[in-house]
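Architecture and fold: a report
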Amino acid sequence: MIRKSLIFFFTFVFSLFSLFSGEKSNYDYVNPFIGTGGYGHTFPGAVVPFGMIQVSPDTALKEVGNSYPWCAGYQYSDKTILGFSHTHFSGTGHSDLGDILLMPISGKLLMEPGEENSPETGYRSRFSHKSEFAQPGYYRVKLSDYDIDVELTATKRVAFHHYSFNKKSPSYVILDLIHSIYYFKEKNVWSYLRVLNSNLVVGYRQTTGWAKNRKIFFAVEFSRPFSDYGYKRYDENFYYFRSKGKLIKLKNKREAHEIYGKKLRVFFDFSGIKELYVKVAISGVDIEGALKNLRKEIPDWDFERVRAEAKKAWENELNKIHVKGSEKNKEIFYTALYHLMIAPMLYQDIDRRYRGIDHQIHKAENFTNYTTFSLWDTFRAAHPLYIILYRERIGDFVNSMLKHYEQSPEGMLPIWPFHANETWCMIGYHSAAVIAEAYLKGIKEFDYEKALDSMVSTATNKNYGGLRYYEKYGYIPVDKEVEAASKTLEYGYDDYAIALMARKMGKKDIFKRFIKRAFFYKNIFDKNTGFMRAKKSDGKFREPFDPLRANYGGDYTEGNAWQYTWHVLQDPEGLIRLMGGSKKFVKKLDKLFKIKGDEKKYGSVEDMSGFIGQYVQGNEPSHHIAYLYNYAGYPWKTQKKINLIMKRMFDNTPFGIPGNEDCGQMSAWYIFSALGFYPVSPVENIYIIGKPLFKEAAINLGKDKEFNIIAKNLSEKNIYIKKAYLNGKRLKRAYITHHELMKGGTLTFIMSSKPNKKWASDKKHLPPSAYSRFRAYVKD
């Protein structure tokens, strides 16, 4: 009690200091509601950096096919809350999870969720955004229909609830083991609950969905004993049991302390209790693991201590970058930095056990196991940013991928895994690129030989994504494999990453094989139309062709020819040559940002959003495109476009993210771009300069090193770089190297209202790419 009072006292003192000093910390700028509206698909609940548990309100129960806006369980425009579940994705365009939903209620006992427009028909409740408050690691709301105040916080593996029942009426807590995000009728395979005593219940549930075979175990502990409990089971018939009541439609009488079935909802009676704390621990291993997590991470009932520790964990991470700028831009920036750290997610118990992709139980030796690798998205900018900011975690990320490979029945590195399941979602083998980048940037905490072997094995697996045809034809034929144009292009970057790693390791044969594959993109460029196109096995392009056309399972992945033609991350110089030189390249690139298309041709692809012409900021294939002007000697055009994108596409509102946040990738794009540079080809170990958003920024690199970015004369009008200096010396190129960044120093921009069309335009100052480095291995 003394400790709790001290925390309140110091929090009060700090609040007074902040109020009178006018200073806000980086933590204070984070707004977890940004992205919770529209297609941002973020959640506002409590989580710690890279934590295993994410406790957050869910506002709807939608079946697959009508659930896209609720990928994170929460939509800002909704008026009711169903309850608070404990697993959530951040920003994805597909979904699952929403496990172990708890909902405190008062008055009449209701076991059904009820209708959105008539919440009184079930246990859901109306709420107002005026009563909502969220900070990193903390969430608060009032359930209006019940007059119950709810607070949430979390540790790595345990969620902590605090309920205040303000009405003098019967009070209950509903535990819903049916509820899911992306729900469908057969999603629940099995549920089990065991009442150990009147304060503690444990159990598990098994589901099939995006993850085909997923198990989650839990332990729920209440601060006060419940006076009664009961359940409703939904199988062949309805079942209802109340321990102090009578049995209704109960075929076989079962022991009250053990409940199981495909679909279960349970209630616990806390009538007469005004204040209740609840701890919920999860495990991917077993009930014992959940209990160990519970007892180790939150051994007491000090909610404020746990909240303060969550805040401290976030402050430590958020303080790795400091920026000076407008209040609005800092709110967007630090919220992006917050979203960057929600995934990948820890996936092992306190005793280091975890469930592997083979569904066997393993123990993590000399590494920490992580899950939720949205690699099609995050290889582009999120993982490069992790290497700069969270270098100590990279070995764990890579080793998690290598263990996945060892345990995989298919002998594959991860594609899009979570909770011991591979979803096979999206395309490419981008884990290879992430591992190669870690190696090329000096990460030492993994076995290089095993890593390269796993990369080559994955990239040559004939059962994956048309690879059996790839080297035979020099492209993926569209009559053999869907989304063939995108696959050919994306495989090329991954192959380049493998080639660079092999070359540095002295593996000449592997290097030669994969550097050749890195140039396969040339085989699907149509000089007549000027687009990358899907080609058939007879060598002819598929007809009819419309560069605006996009559909799932077509020639391209979540995009059209206008977006994917630029997807040659490893070799922009080669692409420029294919298009007939810099002037023609820039002319077509300008057109991309202007052309207006018929939405009927691509509107069915939900992931395409945030349009400027046919540039799509809301989806990843476009993220590098504005930086390509630098490769053609027109960096001033990059500066203009980045300024436009950041102003038009991002805001500090719930609708302030132009598309799916995608496990940190959209945020990483914003963070890099706001700092003034971006990794178009992460394995090239360079960052392409754009246009800084802040007058001053400092990246804490550890070991008393900082990299500072200063933008002199920066204003709404002064968006162009007149001159640039690196550590006081004139910088004539529009890029910096990873080595230059990581050793610390100062990058200074002199900004102007007029473009300096000569700066970094000379051919000898253009960024390197595959063609300039390895032209001997490709035929023009």
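Reading the values: the criteria
- Residues numbered from 1 in each chain as written.
- Predicted model: local features only at pLDDT ≥ 70, side-chain atom pairs only at ≥ 80, totals over all residues.
- Heavy atoms only, no water.
- Helix = DSSP H or I, 4+ residues; strand = E, 2+ residues; numbered from the N terminus.
- Expected span 1.5 Å × (residues − 1).
- Buried < 20%, exposed > 50% of the residue type's maximum accessible area, 1.4 Å probe, protein only.
- pLDDT = per-residue confidence, 0-100.
- Contact = heavy atoms within 4.5 Å.
- Axes fitted to C-alpha atoms, helices over the stretch in contact; angles between N-to-C directions.
- Parallel < 35°, antiparallel > 145°, perpendicular 65-115°, else oblique.
- Left-handed = near helix turned anticlockwise from the far one by under 90°.
- Nonpolar A, V, L, I, M, F, W, Y, C, P; charged D, E, K, R; others polar.
- Pairing = 2+ DSSP bridges.
- Phe/Tyr/Trp six-rings, centres within 6.5 Å; stacked < 30°, edge-to-face > 60°.
- Patch = residues over 30% accessible without salt bridge, like charges linked within 9 Å, V, L, I, M, F, W, Y side chains within 5 Å.
- Areas by Shrake-Rupley, 256 points an atom, 1.4 Å probe, with all protein chains shown as cover.
- Salt bridge = Lys/Arg side-chain N within 4 Å of Asp/Glu carboxyl O.
- Lys, Arg positive; Asp, Glu negative; His and termini not counted.
- Charge placed at Lys NZ, Arg CZ, Asp CG, Glu CD.

Moving on, we come to helix α4 (residues 303–318). Count 3.6 residues to each turn of an α-helix, and residues three or four apart come out pointing the same way. Taking 1.5 Å as the rise per residue, α4 with 16 residues should run 22 Å; its terminal C-alpha atoms sit 23 Å apart, in good agreement. Taken together, the buried positions of α4 are F303, E304, R305, V306, A310, W314, E315, E317 and L318.

A few words on the confidence of the model for the protein. On average, residues of the protein score 94 in pLDDT, and 94% of them are at 70 or above. Contacts from residues 1–20, a stretch scored under 50 in pLDDT, to residues over four places away or in other chains number 13 contacts.

Here H567 is to be found in the loop between α14 (561–564) and α15 (572–578). Classification of H567 as buried rests on a relative accessible area of 1%. Excluding residues that lie within four positions of it along the chain, H567 makes contacts with R380, L489, E490, P621 and H624.

Once that is clear, we can look at the packing of helix α10 (residues 448–459) against helix α12 (residues 484–504). For the pair α10 and α12, the least separation of the axes is 11 Å and the interaxial angle reads 150°. Considering the angle they form, α10 stands roughly antiparallel to α12. Judged by the twist between their axes, the crossing of α10 over α12 is left-handed. Here Y448, A451, L452, M455, V456 and A459 of α10 lie close against α12, whose contacting residues are D495, I498, M501 and A502. Residue classes in the contact of α10 with α12 are distributed as nine nonpolar, no polar and one charged.

Moving on, we come to the sheet that holds strand β30 (residues 677–678). Spatial strand order, β30-β31-β36: three strands in an open sheet with antiparallel pairing. Every other strand in the sheet has two partners, leaving β30 and β36 (735–737) as the edge strands with one partner each. Bridging between strand β31 (residues 686–689) and β36 involves three bridges; their strand directions are antiparallel. Bridge assignment links I688 to a residue of β36, and that residue is Y735.

When you line up the elements, K156 lands in the loop between β8 (148–154) and β9 (158–165). Since its relative accessible area comes to 47%, K156 is described here as partly exposed. Considering only alpha carbons, one finds K156 and S90, 66 residues apart in sequence, at a separation of 16 Å. Non-local contacts of K156, meaning those with residues more than four positions away in its chain, are made with V48, G51, M52, I53, E297 and L346.

A word on the packing of aromatic side chains. For the coordinates displayed, the defined rule picks out 64 aromatic pairs. Taking the centre distance of 5.6 Å and the plane angle of 75° together, the rings of F50 and Y390 count as edge-to-face. In this pair, F50 is assigned in the loop between α2 (26–29) and β1 (56–58) and Y390 in the loop between α7 (382–389) and α8 (391–407), connecting sequence segments 340 residues apart. Across the pair, exposure class does not vary: F50 and Y390 are buried alike. Seen in terms of ring centroids, F222 and F268 are 5.2 Å apart; in terms of plane orientation they differ by 50°. Their pairing is tilted.

Turning our attention to the pairing of β8. Extensive coverage of β8 is indicated by the burial of six of its seven residues. In the sheet, strand β7 (residues 138–143) pairs with β8 via six bridges, with the strands oriented antiparallel. Following the sheet pairing, L143 is matched in β8 by I148. Two successive antiparallel strands, β7 and β8, enclose a turn made up of four residues, where D147 displays a positive phi of approximately 50°.

If you trace the six strands from one edge of the open sheet to the other, you get β19-β32-β33-β37-β34-β35, paired in mixed fashion. Of all the strands in the sheet, the pair left with one neighbour each is β19 (321–324) and β35 (729–730). Across six bridges, strand β34 (residues 720–726) lies against strand β37 (residues 745–752) in antiparallel orientation. Looking at β37, one finds that Y720 is bridged to S752.

Inspection of the secondary structure puts K279 in strand β18 (residues 275–283). With relative accessibility at 2%, the residue K279 sits in the buried group. Discounting residues that sit within four places of it in the chain, K279 has contacts with V158, A159, F160, A219, V220, E221, L294, I298, P299, D300 and W301.

On the surface, a cluster of positive charge is made up of K722, K723, R730, K732 and K764. If you trace the backbone, R730 turns up in strand β35. On the basis of relative accessible area, R730 is assigned to the partly exposed category, the value being 48%.

Let us now look at unusual backbone geometry. In this structure, P344 follows A343 across a cis peptide bond, with omega equal to -5°. Topologically, P344 is positioned in the loop between α5 (327–340) and β20 (345–346). Following E543, the chain continues into P544 via a peptide bond in cis, with omega recorded as -5°. Tracing the chain through its elements places P544 in the loop between β27 (531–532) and α14. Its identity is not glycine, yet A420 carries a phi of approximately 65°, on the positive side. Secondary-structure assignment places A420 in the loop between β24 (417–418) and β25 (421–422). Phi at K703 takes a positive value of approximately 55°, unusual for a residue other than glycine. Following the sequence through the fold, K703 ends up in the loop between β32 (696–702) and β33 (705–712).

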